[in-house]
Structures are given as structure tokens and as C-alpha cells.
Amino acid sequence: MSEYSDKALLPAGMCDVLPPDAEIEAKATESLVEAFSRHGYERVKPPLIEFEESLLAGSSSAMAEHTFRLMDPISQRMMGVRPDMTLQVARIATTRLKNEPRPLRLCYGGQILRVRGTQLRPERQFGQVGAELIGSAEPAADAEVVRLAVESMQFLGIDNISVDLALPTLVPAITQAHGVADEVSALLREALNRKDAAAVEALSGKLGKDLANMFTTLLAAAGPAEATLGILEKLDLPEAAAAERAQLVSVVEIIRRGAPSLTLTIDPVESRGFEYHTGVTFSFFAEGVRGELGSGGRYLAGANNGEKEEPATGMTLFMDTVLRAIPASVPAKRLFLPFGTAIEKGRSLRDQGWITVEGLDSGEDAGEGARHLGCSHLLTNGEIREI
Amino acid sequence: MTRKREKIVIALPKGRILKEVMPVVRRAGIEPEPAFDDEGARQLRFSTNHPGIDIIRVRSFDAATFVAFGAAHIGVVGADVLMEFDYPEIYAPLDLKIGYCRMAVAEPEEMVGNDDPERWSHVRVATKYPNITQRHFARRGVQAECIKLSGAMELAPNLGLCRRIVDLVSSGKTLRANGLVEIEQIAEITSRLAVNRAAWKTRPDEIGELIQNFRDAMLSKQAGPPAREPVS
């Protein structure tokens, strides 16, 4: 192996982001945070590393297997590098900001690190940008977060967004009301998450025919929101499950009022990736883009640090996928200023919005220098000329 | 939306299953171009009677990979492949009830009888399915060392590569011809309609209609072609 390749090789799932991608990512992150702050969400910045026991306490324990750990030589305690920012923000809201008026709107943007990439996202480090709305249990809060995500992504030029709503609490509410054994529920969850109709049918011996039929119906109901709600409303659900359904109906109604033509689907049985969620959840997709652009949903803030639990909802956008969905931008115009161009001249051109690249060598041909450095324009005799 | 949409790509597995799948595909109202049935054709991607649908023909393990990464939107994938890889991006909403077989553990005839599975702590197994095999043996506290082969598993015990194999068994003829006996069944296997998650979420109407067409095709197995209009 040459010395160069020795140095260039990075650990799996890590990459150098080069021009122009690094700038596109930074700008997109800032645009999203700006869009959130226009809706009254205030930015917070949690640290990269926290003590393991607070980072991974309670509901966030689902993230334990994704977390890099290291020993703090000062306190001699184990620390974890954040694998996700949502729970950090929830911790801030329920500790340091617990006396702020509710509902509290916070947003954030930063990098996270995971032990393993997934099949669709081999990256172990990627950016997350998100918003959390803490202290309201109203369906209007869920709808606000969905609208916020969609509008901010549209602000970036992503126009083919679709939103999938799920209700990970629905299936447990039904199985509990019918006294289904835990191990059967676990098999059922797995089958429903894979949308494996055959596996659900195979459980009909253990569930009883009526209940198995209900889950088969729920599984097949996944699809466009209005059609799915039509099917859900006809089901005879136990009380707790019916309450979940009512909440979903109101959320859909409010989202629709603001976005009549949005592609909105409902998946009543999905629970993967929503381990700590307690109500309506959302996933964002863009047509033709692999994987989710973001996800989020209702959860209990403070459940991981012994503070009073508060109803909360929020969403996180995954920048690696968001960037794949952004339409390609036109490369910026760069103007070459030959050696000796007056400093004031350059300053006034930059004020007009030009990106300027100055020649450093008195002997070089200006046209040559401009082409060499990939400039689109050249300043000659005070005139701007396209190359 | 006026934007031109990507074609829907259906991934079908080559070989044994294809013959059983095609009647279902046709009953679902999808008719590939004539080159599809030409064994000698080098073409891998085929158009259909629907301008918005193409078919690709790939190896059965690859059909799952294409669907998992969204390169194909829909596919026909054996439950064995879904179990082996457990792709989170694949939904399997429909059991096509074709390609029946079972996944089983087999060993040489002469071993049966003086082999007590209760005493195992470690087994060495030749298989195309290392994940399923490991999970299966781990559930009963046995560590499985898997030797990954791509075919002709039945040779392994006779040539001393290992003593047991995990493979798909349909009639059991190949096992018998190689002096092997099926000792345990791991799962029953059929082919499933596999759907890419993001495709289903972003194009719910088209994908939903295709799934429904396949479902109708299953129900009308003996009857004539379905009355549904083609997906546009």
C-alpha cells in the first residue's frame, strides 16, 4: 500500500465531504434551522458527549447498541457519544428549561455518531436537524410538527414529499385488551413490521380467528390516508385503541386543512424505529429517494431522567438523505481578479454578490489563471467577461 | 403532479420459481414483451404491456437486494431469502403460495439413531443460509459454525466437509440420492410478493393497485384473467 492510500483510507462509514457538497450541506442545515426558527422554535446545542447513564437512561435505552462509549479520564465515569439528538433536547427541556412556559418549542442541528451503519445508511456519522414541541398533547401540535417538516423541506426545493403516519401504540392497545400473551405479541409485532401477511395468518391459532382477521385487515389497510381511515373507522376497537384512533383522525384532519394535496399515507401497524414513541408518529419520504428523509412522533419527555413526564412531539431530518433529495444546484459563478486588481474593486464586486478569486502571480496570463482555477468569469480592463 | 414518474420495476427470480410465477403475473394483467420468454435472449430488462412497468429477471437472492435498495419497486422473493436477510426496507404483504418447499436440517442416514441433539454444544453445518442456521441452533443453545456454500450442499457430508446441512427441501429426492435424511424442519417456505417500503409510501395508489391486482390474481387462480384496468 502506498503512503497516500494509507492516509486516505477512513474507518468504515466515515467520509470527507468535499466542495461543493460540504457547502451545500452547511447551507441546507442552516436553511432548515432558519425555517424552524421562523415558526418560533429556538435553537439549542447539546454537547457531543454525555455521561452514559443520562444519555441512555429510560426510553433512550433503545439506542444503547448504537452508542460509542469512552471513559472520562477526569470523572472516571463512562461517557457515550450521542447516537441521536432528540432525547438530549428532551432532557434539556425537562431539566434546565423546566421553568420555561409551555408549550416549549426547540430546534437543533448537529452531527451524530453510531456504532454501525444500516443497510440503507452505511454512514456512521451524519447530520440531524430537528425540532421538538414539548408540553402539549393536542393533535394540533402533531400537525404543526408535520407541517413544519414539510414546509421546511419544500423551502429547500424538495417538492415530491410524502408523509407516512403510523400509530405504534394501536397494536399493543388491542393485544393488551384481548389478553394476548407477550411472546405471541412479539411474534405478531415482527410479522406486522415486515407486513408479512402469511406470518400473521400463521398466528391465527394463537390469536383466535377474529383477532387474526382484525390484524390482517389492519395490515392491508396501509395506504392513502383517507382510504385507511375509512377502514379503521369501521373496526370495532377496544376503548384504549379507539382513543388512539380518534387522535389520529384529528391529526389527519388538521394536516389536511393546511395541505390538501400533500401525499399522506397511514400505516396502522408500523412500529420499527419508533421504540420510545407513545402516539402518532411520522416518516418523511421523497419519491425516487432511497430511505427516509426524517421521522418523528409523539413521546414522553423527561421519562429518562426521573423528572415529571411531559407530552411532547417532534421530528428529526437526516441530512444524508435530505441532501440526496435536494435538486442539483447551479454551480456558483466565480470571478477571477488578475494580479494587481484594486482591493476596493474586489470588495465592491463581492458586495454585488460575486465570488472572487485573486491572482497571486504578477507574471501569469489572467485568462490562463482563471481557467486553471475553474472560474466562470474574468475581470479584464475593469470589464467582467464570461469564460 | 406533472413531473414524469419513474417506471415501476418488478424483479422476478430466474429458474424454478419463474415458471410458477408467470401465470400469476399474467393474471395480474402484466404481459412482458416476447423476448422475456426467449431463453437465449441476453436482455435483462423487459418492457410490458403497461408503459409504466418494466420487469427484470435476476437470481432469487438478488431479487430481494434490488427491492431492498429500491432499485426495483416490487419483486417476487422466497420467504427463505427474506428470513435470511431480514431487510428492514422490504414489506411482504402477499403470500403467493407458490414455490412450496421447506427449510430443513439433514444428516447422513447412518448418523440418525445414535445422535442425541440434546448433547450438542456446537455443530458444523454447510448451508446457503448462515443467518437462519445460526439463529435456529442458537435458540436451543447450540452454537452453529456455518460453512457457506452456494449450491450442491448435499455433497458436503459425504466428502467430510461437515456432518449436517441446512437447505431447502422440496421432494426430498436429492437428499435421498445422496444418502441424507431430513431430521428437522426449520420453516415452511413459499414465495412472497415483496415491496420496497419507500416506493409503497411515496406512490401508494399505484403500488396499492398492483398489490391488489396480484391479490385478485391469487383468488382467480382457476378463473380467467381479472377484470381490473391496467395501472397507468
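Residues numbered from 1 in each chain as written. Chains lettered and ligands numbered in written order. Predicted model: local features only at pLDDT ≥ 70, side-chain atom pairs only at ≥ 80, totals over all residues. Heavy atoms only, no water.

S.K.: Mind showing me how you'd approach the overall build of chain A here?
M.R.: The helix and strand tally for chain A stands at 15 helices and 16 strands. Across the 387 residues in chain A, those meeting the buried criterion constitute 50%. Contacts in chain A between residues far apart in sequence, at least 24 positions, make up 65% of those at least 6 positions apart. Each charge class in chain A can be summarised by its mean position, and for the 39 positive and 54 negative side chains these summaries are 1 Å apart. (Helix = DSSP H or I, 4+ residues; strand = E, 2+ residues; numbered from the N terminus. Buried < 20%, exposed > 50% of the residue type's maximum accessible area, 1.4 Å probe, protein only. Contact = heavy atoms within 4.5 Å. Lys, Arg positive; Asp, Glu negative; His and termini not counted. Charge placed at Lys NZ, Arg CZ, Asp CG, Glu CD.)

S.K.: Explanation requested: the overall build of chain B in the structure shown.
M.R.: Summing up its helical and strand segments, chain B has 8 helices and 11 strands in all. Principal-axis analysis of the C-alpha atoms places the extent of chain B at approximately 70 × 35 × 30 Å. Counting every position in chain B, which comprises 232 residues, the buried fraction comes to 50%. Taking contacts inside chain B between residues at least 6 apart in sequence as the whole, the part at least 24 apart equals 65%. Accessible surface for chain B amounts to roughly 11200 Å². Of this, 51% is attributable to carbon and sulfur atoms. Across chain B, the mean location of the 33 positive side-chain charges is 3 Å away from that of the 31 negative side-chain charges. (Areas by Shrake-Rupley, 256 points an atom, 1.4 Å probe, with all protein chains shown as cover.)

S.K.: Could you clarify how one ought to interpret the sheet that holds strand E10 (residues 277–286) of chain A in this entry?
M.R.: Residues and elements named next belong to chain A. If you walk across this open sheet you meet the 9 strands as E1-E5-E6-E12-E11-E10-E7-E9-E8, and the pairing is mixed. Each edge of the open sheet is held by one strand with a lone partner, namely strand E1 (42–43) and strand E8 (223–224). Of the strands in this sheet, E1, strand E5 (104–113), strand E6 (125–134) and strand E12 (310–318) are in contact with helix H2 (residues 21–38), which crosses E6 at around 0°. (Pairing = 2+ DSSP bridges. Axes fitted to C-alpha atoms, helices over the stretch in contact; angles between N-to-C directions.)

S.K.: Looking at this model, I keep getting lost on the nonpolar core. Mind explaining?
M.R.: General note: in soluble globular proteins, nonpolar side chains tend to be found buried as a group. Membership of the largest hydrophobic core comes to 69 residues, with the highest contact counts inside it found for Leu165, Phe215, Phe284 and Met315 of chain A. Counting only domains with at least three residues in this core, you end up with domain 1 (11–159 + 287–329) and domain 2 (169–269) of chain A. Leaving out residues up to four positions away in the same chain, leucine 165 of chain A has contacts with Val146, Leu248, Val252, Ile255, Leu264, Thr265, Ile266, Asp267, Val280, Thr281 and Phe282 of chain A. Of all hydrophobic cores here, the second largest spans 33 residues; its members include Phe61, Ala63, Leu82 and Ile189 of chain B. (Core = buried A, V, L, I, M, F, W, Y, C linked by side-chain atoms within 4.5 Å. Domains from an automatic or database assignment.)

S.K.: Where do I start with helix H1 (residues 16–27) of chain B in this structure?
M.R.: Because an α-helix packs 3.6 residues into every turn, residues spaced three or four apart end up facing the same way. Residues and elements named next belong to chain B. Residues of H1 that are buried: Ile17, Leu18, Val21, Met22, Val24, Val25 and Arg27. On the buried face of H1, the contacting elements are strand E1 (8–13), strand E3 (53–58), strand E4 (74–78), strand E11 (191–196) and helix H8 (204–219). The positive-phi residue at the C-terminal boundary of H1 is glycine 29, with phi of around 90°.

S.K.: What should I look at first to understand the environment of asparagine 99 of chain A in this one?
M.R.: Residues and elements named next belong to chain A. Tracing the backbone through its elements, the reader meets asparagine 99 in the loop between helix H4 (86–94) and E5. According to the relative accessible area criterion, asparagine 99 is exposed, its value standing at 72%. Sequence spacing of asparagine 99 and isoleucine 49 is 50 residues, and the spatial spacing of their C-alpha atoms is 25 Å.

S.K.: Quick question: what am I supposed to make of the interface of chain B and chain A here?
M.R.: Taken together, the contacts link 26 residues of chain B with 30 residues of chain A. Across the chain B/chain A interface, buried area totals approximately 2400 Å², and carbon plus sulfur atoms make up 50% of it. Applying the counting rule to chain B against chain A returns 7 salt bridges. Among the salt bridges present, the one from arginine 194 of chain A reaches aspartate 86 of chain B, with a minimum N-O distance of 2.9 Å. Where chain B packs against chain A, one counts 12 residue pairs in polar contact (both at pLDDT 80 or more). Taken together, the elements giving at least two residues each to the side of chain B that touches chain A come down to strand E5 (90–95), helix H7 (197–202) and H8 of chain B. Taken together, the residues of the side of chain B that touches chain A sort by class into 12 nonpolar, 1 polar and 13 charged. (Buried area = accessible area lost by both parts, 1.4 Å probe. Salt bridge = Lys/Arg side-chain N within 4 Å of Asp/Glu carboxyl O. Polar contact = N/O pair within 3.5 Å; in protein donor to acceptor, adjacent residues only side chain to side chain. Nonpolar A, V, L, I, M, F, W, Y, C, P; charged D, E, K, R; others polar.)

S.K.: Could you clarify how one ought to interpret the packing of aromatic side chains in this entry?
M.R.: The description of an aromatic ring pair rests on the distance of the ring centres and on the angle between the ring planes. Residues and elements named next belong to chain A. Evaluation of the coordinates by the stated rule reveals 9 aromatic pairs over all chains. On the numbers, 6.1 Å between centres and 85° between planes, the contact of tyrosine 276 with tyrosine 299 is edge-to-face. Highlighted residues: tyrosine 276 in the loop between strand E9 (263–267) and E10 and tyrosine 299 in strand E11 (residues 294–301), separated in sequence by 23 residues. The same class applies to tyrosine 276 and to tyrosine 299, which are both buried. Ring centres 6.1 Å apart and planes at 45° place the aromatic pair phenylalanine 282 and phenylalanine 284 in the tilted group. Each member of the pair, phenylalanine 282 as well as phenylalanine 284, is classed as buried. (Phe/Tyr/Trp six-rings, centres within 6.5 Å; stacked < 30°, edge-to-face > 60°.)

S.K.: Hey, could you run me through the domain arrangement of chain B in this one?
M.R.: By a frequent convention, interface size equals the accessible area lost on bringing the separate parts together. Residues and elements named next belong to chain B. By the assigned domains, chain B splits into domain 1 (8–99 + 190–219) and domain 2 (101–188). A C-alpha centroid distance of 30 Å is found between domain 1 and domain 2. Overall, the association of domain 1 and domain 2 removes approximately 870 Å² of surface from exposure, summing both partners, and the carbon and sulfur fraction of that is 53%. The three residues of domain 1 that bury the most area against domain 2 are Asp80, Met83 and Glu84, which together make up 61% of that side's buried surface. In this assembly, domain 1 and domain 2 are joined by 5 residue pairs in polar contact (both at pLDDT 80 or more). Here the side of domain 1 that touches domain 2 gets 3 residues from one element, more than from any other, and that element is helix H3 (residues 79–85). Split into classes, the residues belonging to the side of domain 1 that touches domain 2 amount to 2 nonpolar, 2 polar and 3 charged.

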